[in-house]
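Descriptive structure summary
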Amino acid sequence: MLSDLKTFHAALEQLEVERGIPKEKILETMELALAAAYKKDYGKRGQIIRSKFDASSGKTDFWQVKIVVDESMLKPEEEEGAEEIIIPGEEKTPRRLAEEEHEEETPSVEKKVRFNPERHIMIDEAKKIKKGAKAGEELTFPLETKEDYGRIAAQTAKQVIIQRIREAERESIYDEFKKRESNIISGMVQRVEGRNVYLDLGRITALLPQEEQIRGEHYRIGERIKALLYLVEKTPRGTNLYLSRTHPQFLVRLFEMEVPEMAAGTVEIKSVAREPGARSKVAVFSSAHGIDPVGSAVGQKGVRVSTVIAELGGEKIDIIEWSDDPQEFVSNALSPAKILDAEIDARNKTAVVVVAEDQLSLAIGRGGQNVRLAAKLTGWKIDIQSREGESVAQASEEGEVSGEKIEE
């Protein structure tokens, strides 16, 4: 017996270390399984049976639970088709308990139940057993401990244990990755199906959908890549993980990994506008006096921004300084073009920007890319005009661009 308990405790430790399932969760699972096995061999229909396993001695105690009810809680006998309801004291699966935590709290509607002597006890009888018993309360009745549960019962216990451990493992995986949502994850390409890429993260496989991939990138089996974990979804079959390399937050997280000032919170990214694989604009701000936010993000000889660019497959990145002055911010956002003047209409969030003739192509960008990203970055509609007052390009905060001088 002592040898069996040592083996059992060793198995508990192994499950906790290798699968991340707490020992308490496994013991809870065992107790549910043992109660189910006991009920199958020795119980009666409708009974609520609980068990308590003592891991130090290997002994299991069993008891029956009855719910105290009064006449107001019972359905009349003539009513047929009464629905069985979950009442206080009934077992719920770990999955159901987890779902209930996320459900909106609403006032419970009391439903009447059909009296079952195996799970209910009238309040008058209950008060004879326990003085002051109240409706809805649980009363427990010890059951005889059975040493031999039988072959079928043992098989039932085994199946329930396996099921509960799987559920506990799914909960463990969900909890682990839910905490890492909106962060970068590194994984190995496991397989490619069509344009969908599946990454092996160790305990689970994650999906990098086609629409979340940078255009022009190709992925090889066994290659290790980084992506943003943007969604952790719980389903009846387990946990689904969705990754992205095009999300603006992916760019933010990459900079936070490379720039210590961002990790420390002295420099922050205020806004991002991105066309994945082509070009991005990043607005940075420093809350500490004497720290240059642009210089911090670029790094000495451009080493920090170069690392981010390499991870994004050569995507060009413009780093500009954020300002709470709209005129200054819009002017900065149109970098590398130099702006002569900017008129701001705060009510309509519109900026009219005047640019010299030799700076027009830089301000607009190929296909209107520069002004489009600047409008997205600032959230302002930008109208670029020449020195003569001619409107040559317009971009909305949604990124729509128009104008005669936009080159494709």
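In this report, we go over the structure that sits alongside the text. Just so we're clear, the structure is a prediction, and the values are computed from it rather than from any experiment.

1. Considering unusual backbone geometry
The amide bond that connects Ser 335 to the next residue, Pro 336, takes the cis arrangement and shows omega of 15 degrees. A positive phi angle, close to 55 degrees, is found at Lys 301, a residue other than glycine. As for its placement among the helices and strands, Lys 301 is situated in the loop between helix H8 (293–298) and helix H9 (303–311). Looking at Lys 301, the relative accessible area reads 84%, which means it is exposed. Look at Lys 349: it is not a glycine, yet its phi comes out positive at around 50 degrees. Turning to its location among the elements, Lys 349 is positioned in the loop between strand E13 (339–345) and strand E14 (350–355).

2. Considerations on the pairing of strand E7 (residues 205–208)
Relative to E7, strand E6 (residues 196–200) runs antiparallel, the two being bridged by 4 bridges. Paired with Asp 200 across the two strands is Thr 205, which belongs to E7. If you look at the hairpin formed by E6 and E7, you'll find 4 residues sitting between the two strands, and Gly 202 has a positive phi there, around 105 degrees.

3. Observations concerning the pattern of salt bridges
The final tally for this structure, using the stated rule, is 18 salt bridges. For Lys 44, the salt bridge goes to Glu 118, with nearest N and O atoms at 3.9 Å. With Lys 44 in the loop between helix H2 (23–42) and strand E1 (48–53) and Glu 118 in the loop between helix H3 (94–102) and strand E3 (120–122), this pair connects stretches of sequence that are 74 residues apart. For the salt bridge of Arg 50 with Glu 138, the shortest nitrogen-to-oxygen distance reads 3.7 Å. Separated by 88 residues along the polypeptide, Arg 50 in strand E1 and Glu 138 in strand E4 (residues 138–143) bring together distant segments of the chain. The exposure class assigned to Arg 50 is partly exposed, which follows from its relative accessible area of 22%. The structure contains a network of salt bridges with shared partners spanning Glu 176, Arg 180 and Arg 203.

Rules used throughout
For every chain, the first residue of the written sequence is number 1, and numbering continues from 1 onward in sequence order. pLDDT decides what is reported in this predicted model: residues at 70 or higher carry local features, side-chain atom pairs at 80 or more are listed and counted, and totals for whole chains, interfaces and linings draw on all residues regardless. Side-chain metrics in this entry use all non-hydrogen atoms of the structure; hydrogen atoms and water are not considered. Starting at the N terminus, helices and strands are each numbered in turn, a helix being any DSSP run of H or I of at least four residues and a strand any DSSP run of E of at least two. Partly exposed describes any residue whose relative accessible area lies between the buried limit of under 20% and the exposed limit of over 50%, with all areas from a 1.4 Å probe on protein chains only and scaled to the type maximum. Only strands that DSSP links by at least two bridges are regarded as paired with each other. Every case where a carboxyl oxygen of Asp or Glu lies within 4 Å of a side-chain nitrogen of Lys or Arg is listed as a salt bridge.

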